[in-house]
Structure formats: C-alpha cells, structure tokens
Amino acid sequence: MSDTVTVRVVGGEARKEPTDDATDADLLRAVGRGPHDATALVDDRPVPADAAVDAGADEVRVRRLVVGG
C-alpha cells in the first residue's frame, strides 16, 4: 500500500496524492499547478519543487504565487 499526503490548495480543493517516489513538483502538477505559479508549503515553510515529498508530512499546502508589477 502506498503512503498518501493531503494536498490542499489555499482557497481551493484538497485531495489525497501518493507519495511514493514523488517530488513536491509532482504534487503541484497533480493539482494543476507548476513551480512557476505556485509553491508547496510544509509546516508553513516553502519546500523546493525538486525535493522528495516529506514522508512525515500529513499535509502539503499549495499557495499560488502572485506576480506582477
């Protein structure tokens, strides 16, 4: 059985995703985002998109980035 983590988009949906061999970028893609328009947060701290999903994390929050000038 694979481990899962809750991926919660701030202001939007939440879903369970498998963590086996996944990176935080994989989780972003699973909710229709990418590292250029969103960031993954674990315990309210940003994590690198190429990092392996933290096996001890219960939830990864996805926060959309706001870019502009």
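Here, the structure is the one placed above.
Residues numbered from 1 in each chain as written. Predicted model: local features only at pLDDT ≥ 70, side-chain atom pairs only at ≥ 80, totals over all residues. Heavy atoms only, no water.

(A) Geometry of the overall build of the protein chain. Scanning the protein chain from N- to C-terminus turns up 1 helix and 5 strands. Mapped from its N terminus to its C terminus, the protein chain presents α and β elements in the order β-β-α-β-β-β. Its C-alpha atoms give the protein chain a radius of gyration of 11 Å, near enough to 11 Å, the size a compact globule of 69 residues would have. Scored against the burial criterion, the 69 residues of the protein chain give a buried share of 30%. Across the protein chain, every contact between residues at least 6 apart in sequence was considered, and the portion connecting residues at least 24 apart equals 49%. Carbon and sulfur atoms make up 47% of the accessible area of the protein chain, which amounts to about 4600 Å² in all. One way to put it: in the protein chain the 9 positive side-chain charges average out to a point 8 Å from where the 14 negative ones average out. (Helix = DSSP H or I, 4+ residues; strand = E, 2+ residues; numbered from the N terminus. Rg over C-alpha atoms; globule rule 2.2 N^0.38 Å. Buried < 20%, exposed > 50% of the residue type's maximum accessible area, 1.4 Å probe, protein only. Contact = heavy atoms within 4.5 Å. Areas by Shrake-Rupley, 256 points an atom, 1.4 Å probe, with all protein chains shown as cover. Lys, Arg positive; Asp, Glu negative; His and termini not counted. Charge placed at Lys NZ, Arg CZ, Asp CG, Glu CD.)

(B) Spotlight on the sheet that holds strand β5 (residues 59-64). As summarised here, the arrangement of the 5 strands in space is β2-β1-β5-β3-β4, forming an open sheet in which the pairing is mixed. One side of each edge strand has no neighbouring strand; the edge strands of this open sheet are β2 (14-18) and β4 (45-47). Adjacent strand axes in the sheet meet at a mean angle of 40 degrees, parallel and antiparallel pairs treated alike. As judged from the 4 bridges shared by strand β3 (residues 38-42) and β5, these two strands associate in the antiparallel manner. What sits directly across from Thr-39, in β5, is Arg-63. (Pairing = 2+ DSSP bridges. Axes fitted to C-alpha atoms, helices over the stretch in contact; angles between N-to-C directions.)

(C) Molecular detail of the side chain of Glu-17. Take Glu-17: it is sitting in strand β2. With a relative accessible area of 12%, Glu-17 lands in the buried category. Among all residues touching Glu-17, those that are not within four sequence positions of it are Asp-3, Thr-4, Val-5, Val-7, Leu-27 and Ala-30.

(D) Molecular detail of the pairing of β3. The element β3 is largely enclosed, with a buried count of 4 among its 5 residues. Connecting β3 to the next strand, β4, in antiparallel fashion are 2 residues, including Asp-43 with a positive phi near 55 degrees.

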